[in-house]
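Chain residues, written in single-letter form:
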Amino acid sequence: MMRLSSFRDLIAKMPISCQAFTSKKSTWVSYIDRHGAAGDALASIFDKFSGSEVTLSRSDLRSLAGNPDLGQFVMATIIWGYPRGMRGNNLARLVSDFDSLTSLLSSTLSEQSVIDWSSHYDEKVVPIGGIGLSTYTKFLSFLSIQVQGYPALILDDRIIRVSSHGLFEELAPLQKLSVNNAVGLYPQYLDCIQGLARSLDVSAEGIEFFLFEFGLNLKLPPSHQPI
């Protein structure tokens, strides 16, 4: 097993706010051409950053999160998270429930915290089409929402795979994490990463970014592997 502490200096220097993804306008044009808040938000994003493609960073999303109208923030986060487009009909479902989604995010933002994660997700998030844990935690993270006392962090399929592979000793509490139980274990994930952040004196978001970027692309050298 590796230890995250061995990568402490790298984690501390991760360029979190600069992490960016580029997406082509052609990926979203069928929705830009539609009437409605989601299409207008998409059009305004490409108009604002101009050109046939847009590059969005975590810093851009946090800036957009400060706007009273969260429509542009929502669609920019979708572009950042899914630069080649969302799978299946998720975008169509999200667009059809767009007002419900922005209303939920606005009310959650006004409270600044989610006290009971399980009931919040089951009662308020599940009924909204097109979004799952990965997408919703992106919104919460960039809106700086607290979940059961912890700053929200992104939890997507990639980080779930890293956690379950057992590569890092410090992630042992998350080894049973899977796509099937990730919603229920989300507060435990936050607790684990925040605890690691304190012990390593780095940001929790830095750990999340490190796991996303490197977690599936590391292997112990032969001299360190068990015989």
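Here is a short report on the structure shown in this document.

Definitions and cut-offs
- Residues numbered from 1 in each chain as written.
- Predicted model: local features only at pLDDT ≥ 70, side-chain atom pairs only at ≥ 80, totals over all residues.
- Heavy atoms only, no water.
- Helix = DSSP H or I, 4+ residues; strand = E, 2+ residues; numbered from the N terminus.
- Buried < 20%, exposed > 50% of the residue type's maximum accessible area, 1.4 Å probe, protein only.
- Lys, Arg positive; Asp, Glu negative; His and termini not counted.
- Salt bridge = Lys/Arg side-chain N within 4 Å of Asp/Glu carboxyl O.
- Polar contact = N/O pair within 3.5 Å; in protein donor to acceptor, adjacent residues only side chain to side chain.
- Contact = heavy atoms within 4.5 Å.
- Pairing = 2+ DSSP bridges.
- Phe/Tyr/Trp six-rings, centres within 6.5 Å; stacked < 30°, edge-to-face > 60°.
- Lys NZ or Arg CZ within 6 Å of the ring centre and 35° of its normal.
- 1 Å grid on protein atoms, 1.4 Å probe; cavity = no way out; pocket = protein on both sides within 12 Å on 5 of 7 lines; lining within 4 Å.
- Points joined across faces, edges and corners; volume = space filled by probe spheres on them.
- Nonpolar A, V, L, I, M, F, W, Y, C, P; charged D, E, K, R; others polar.

**Here we look at the side chain of Lys 138**
When you line up the elements, Lys 138 lands in helix H9 (residues 133–142). Here Lys 138 is buried and forms no salt bridge, its nearest opposite-charge partner Asp 156 lying at an N-O distance of 4.5 Å. Side chain to side chain, Lys 138 and Ser 134 meet in a polar contact 2.7 Å long. Excluding residues within four positions of it along the chain, Lys 138 makes contact with Thr 77, Trp 80, Gly 81, Tyr 82, Ile 154 and Asp 156.

**Notes on the sheet that holds strand S5 (residues 150–151)**
With mixed pairing, the three strands of this open sheet are ordered in space as S3-S4-S5. With partners counted over all chains shown, the strands left at the sheet margins are strand S3 (113–114) and S5, one partner each. Here two bridges tie strand S4 (residues 146–147) to S5, and the two strands are oriented antiparallel to one another. Directly across from Val 147, in S5, lies its bridge partner Tyr 150.

**A look at the pattern of salt bridges**
All chains considered together, the criterion is met by eight salt bridges. The shortest N-O distance in the salt bridge between Arg 3 and Glu 169 comes to 2.8 Å. On the criterion of sequence distance, the pair formed by Arg 3 in the segment before helix H1 (8–12) and Glu 169 in the loop between helix H10 (157–164) and helix H11 (182–200) is long-range, its members being 166 residues apart. Looking at Arg 3, the relative accessible area reads 35%, which means it is partly exposed. It is possible to trace a salt-bridge network through shared partners that takes in Arg 58, Arg 62, Glu 205 and Glu 208.

**As for the side chain of Ser 23**
In this structure, Ser 23 sits in strand S1 (residues 20–24). For Ser 23, a relative accessible area of 1% corresponds to the buried category. A distance of 2.7 Å separates a polar atom in the side chain of Ser 23 from a polar atom in the side chain of Trp 28. In terms of polar contacts, Ser 23 uses its side chain to reach the backbone carbonyl oxygen of Pro 83, at 2.6 Å. Leaving out residues up to four positions away in the same chain, Ser 23 has contacts with Trp 28, Phe 46, Glu 53, Val 54, Ile 79 and Pro 83.

**What about the packing of aromatic side chains?**
This model, assessed by the stated rule, comprises twelve aromatic pairs. Ring centres 6.1 Å apart and planes at 55° place the aromatic pair Phe 73 and Phe 139 in the tilted group. In this pair, Phe 73 sits in helix H5 (residues 71–81) while Phe 139 sits in helix H9, placing the two residues 66 residues apart along the sequence. Given the relative accessible area of 0%, Phe 139 is considered buried. Clustering of aromatic rings is evident, with ring pairs tying together Trp 117, Tyr 121, Tyr 136, Tyr 186 and Tyr 189. Its end group placed over the ring of Phe 209, Arg 58 keeps NZ or CZ at 5.3 Å from the ring centre. The side chain of Arg 158 reaches across the aromatic face of Phe 212, ending 5.2 Å from its centre.

**Some words on the environment of Ser 57**
Note on placement: Ser 57 falls in strand S2 (residues 53–57). With 20 residues separating them along the chain, Ser 57 and Thr 77 place their C-alpha atoms 9.3 Å apart. With sequence-adjacent residues up to four places away left out, Ser 57 is seen in contact with Ser 17, Cys 18, Gln 19, Ala 20 and Trp 80.

**Description of the layout of surface pockets**
Computed from the structure, the largest pocket encloses a volume of approximately 670 Å³. In terms of lining residues, the largest pocket is bounded by 30 residues, among which Tyr 82, Arg 87, Ser 134, Asp 156 and Asp 157 are the most central. The residue inventory of the lining of the largest pocket, partitioned by class, reads 15 nonpolar, eight polar and seven charged.

**Structural notes on unusual backbone geometry**
Even without being a glycine, Ser 144 presents a positive backbone phi close to 60°. Of note, Ser 144 is situated in the loop between H9 and S4. According to the relative accessible area criterion, Ser 144 is partly exposed, its value standing at 46%. A positive phi angle is found at Asp 201, which is not glycine, with a value near 60°. Looking at the element boundaries, Asp 201 is found in the loop between H11 and helix H12 (204–214).

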